[in-house]
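Structural features, examined
Residue-level listing of the chains:
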Amino acid sequence: MTRKKKTVDEVIMFILANAPPDNQEADKPFPRTGYHLPLVDSAIRILRAQRILLDLEIYDIRGTKHMWRTNGNINYDLARRATSRFIQALQEEHHSVSLERILPTVKAKIFDNFPINRFKTTLNGLLQHATEDHSPYDALNASFSKRDLDDGK
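Residues numbered from 1 in each chain as written. Predicted model: local features only at pLDDT ≥ 70, side-chain atom pairs only at ≥ 80, totals over all residues. Heavy atoms only, no water.

Time to look at the overall build of the chain. Secondary structure assignment for the chain yields seven helices and two strands. Walking the chain from its N terminus toward its C terminus, one meets helices and strands in the order α-α-β-β-α-α-α-α-α. Viewed in the frame of its principal axes, the chain has a C-alpha envelope of about 50 × 35 × 25 Å. Across the 153 residues in the chain, those meeting the buried criterion constitute 42%. For the chain, long-range pairs separated by at least 24 residues make up 65% of all intrachain contacts whose partners lie at least 6 apart in sequence. Counting only carbon and sulfur atoms, one obtains 50% of the accessible surface of the chain, whose full area is about 9400 Å². Positive and negative side-chain charges in the chain, numbering 23 and 20 respectively, have mean positions lying 4 Å apart. (Helix = DSSP H or I, 4+ residues; strand = E, 2+ residues; numbered from the N terminus. Buried < 20%, exposed > 50% of the residue type's maximum accessible area, 1.4 Å probe, protein only. Contact = heavy atoms within 4.5 Å. Areas by Shrake-Rupley, 256 points an atom, 1.4 Å probe, with all protein chains shown as cover. Lys, Arg positive; Asp, Glu negative; His and termini not counted. Charge placed at Lys NZ, Arg CZ, Asp CG, Glu CD.)

So, in structure tokens, the structure goes:
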């Protein structure tokens, strides 16, 4: 028995079936998928070109294969974007507290449980797959610098 190859159209249909309408909060995160990164990336690009779900990011589609790491190479750009969104969500949640006071309190568990956007996305896989030491500090530090996540020297 051969497996049917997934298509971009299938990914688009999955996204549309599971995403909340624009400007509405999701009830729950996207279900886990087994879609590969290039398919998800293509689907999101097509949706954006059609002006649909303009705020959707690759990291919102849970279970995307090779999202954070491919062939041992970390996707630093995506990790930085996701971490920057994480920091923005923390600031929105704690608007009366300075970033200097918020960041030292960030632990790995917050990456696992804190929804960063209207899609209820958490970054539970980011520390495991996009930092060398599974370190919240490395992820946060990289979002403020141009260095790679594992280049904290």
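On to the pattern of salt bridges, then. Scanning all chains against the criterion turns up eight salt bridges. We note a salt bridge from Arg 81 to Asp 77, for which the minimum N-O separation is 2.9 Å. You can see Arg 81 and its partner Asp 77 sitting in helix H3 (residues 76-93), four residues apart, about one turn around the helix. Its relative accessible area of 33% is what places Arg 81 among the partly exposed residues. One salt bridge in this structure joins Glu 92 and Arg 85, with 3.9 Å as the shortest N-O distance. (Salt bridge = Lys/Arg side-chain N within 4 Å of Asp/Glu carboxyl O.)

Tallying each qualifying case throughout the model produces five aromatic pairs. Seen from their ring centres, Phe 14 and Phe 30 are 6.0 Å apart, and the 40° between their planes marks the pair as tilted. Here Phe 14, found in helix H1 (residues 8-18), pairs with Phe 30, found in the loop between H1 and helix H2 (37-49); they are 16 residues apart in sequence, far enough to count as distant. Each member of the pair, Phe 14 as well as Phe 30, carries the same accessibility label: buried. An aromatic cluster of three or more residues is present, and its members are Phe 14, Phe 30, Tyr 35 and Phe 119. (Phe/Tyr/Trp six-rings, centres within 6.5 Å; stacked < 30°, edge-to-face > 60°.)

Counting residues in hydrophobic clusters, the biggest one holds 43 residues, and the most contacted among them are Ile 15, Trp 68, Phe 86, Phe 111, Leu 123 and Leu 126. Listing elements by their share of this core, those giving two or more residues are H1, H2, H3, helix H4 (99-102), helix H6 (126-130) and helix H7 (136-144). Ranked by residues supplied to this core, first place goes to H3 with eight residues. Excluding residues that lie within four positions of it along the chain, Ile 15 makes contacts with Phe 30, Ala 43, Ile 44, Leu 47, Leu 53, Leu 56 and Ile 61. (Core = buried A, V, L, I, M, F, W, Y, C linked by side-chain atoms within 4.5 Å.)

Turning our eyes to something else, we now look at H1. Listed in full, the buried residues belonging to H1 are Val 11, Ile 12, Phe 14 and Ile 15. End-on view of H1: buried residues confined to an arc of 160°, all on one side of the axis. Across H1 from its buried face, at more than 90 degrees, point the exposed residues Asp 9, Met 13 and Ala 17. Lining the buried residues of H1 we find H2. (Arc of directions from axis to C-beta.)

Let us now look at the packing of H3 against H7. Following both chains from N to C, one finds H3 and H7 inclined at 95°, their axes separated by 9 Å at the closest point. By the angle between their directions, the pair H3 and H7 is classed as roughly perpendicular. On the side of H3, the interface is formed by Arg 80, Thr 83, Ser 84, Phe 86 and Ile 87, while H7 contributes Ala 139, Leu 140, Ala 142, Ser 143 and Phe 144. (Axes fitted to C-alpha atoms, helices over the stretch in contact; angles between N-to-C directions. Parallel < 35°, antiparallel > 145°, perpendicular 65-115°, else oblique.)

To continue, consider the confidence of the model for the chain. In this model, the chain carries an average pLDDT of 89, and 92% of its residues clear a pLDDT of 70 or more. In this model, residues 147-153 is a region of pLDDT below 50 whose contacts with residues beyond four sequence positions or in other chains number 17 contacts. (pLDDT = per-residue confidence, 0-100.)

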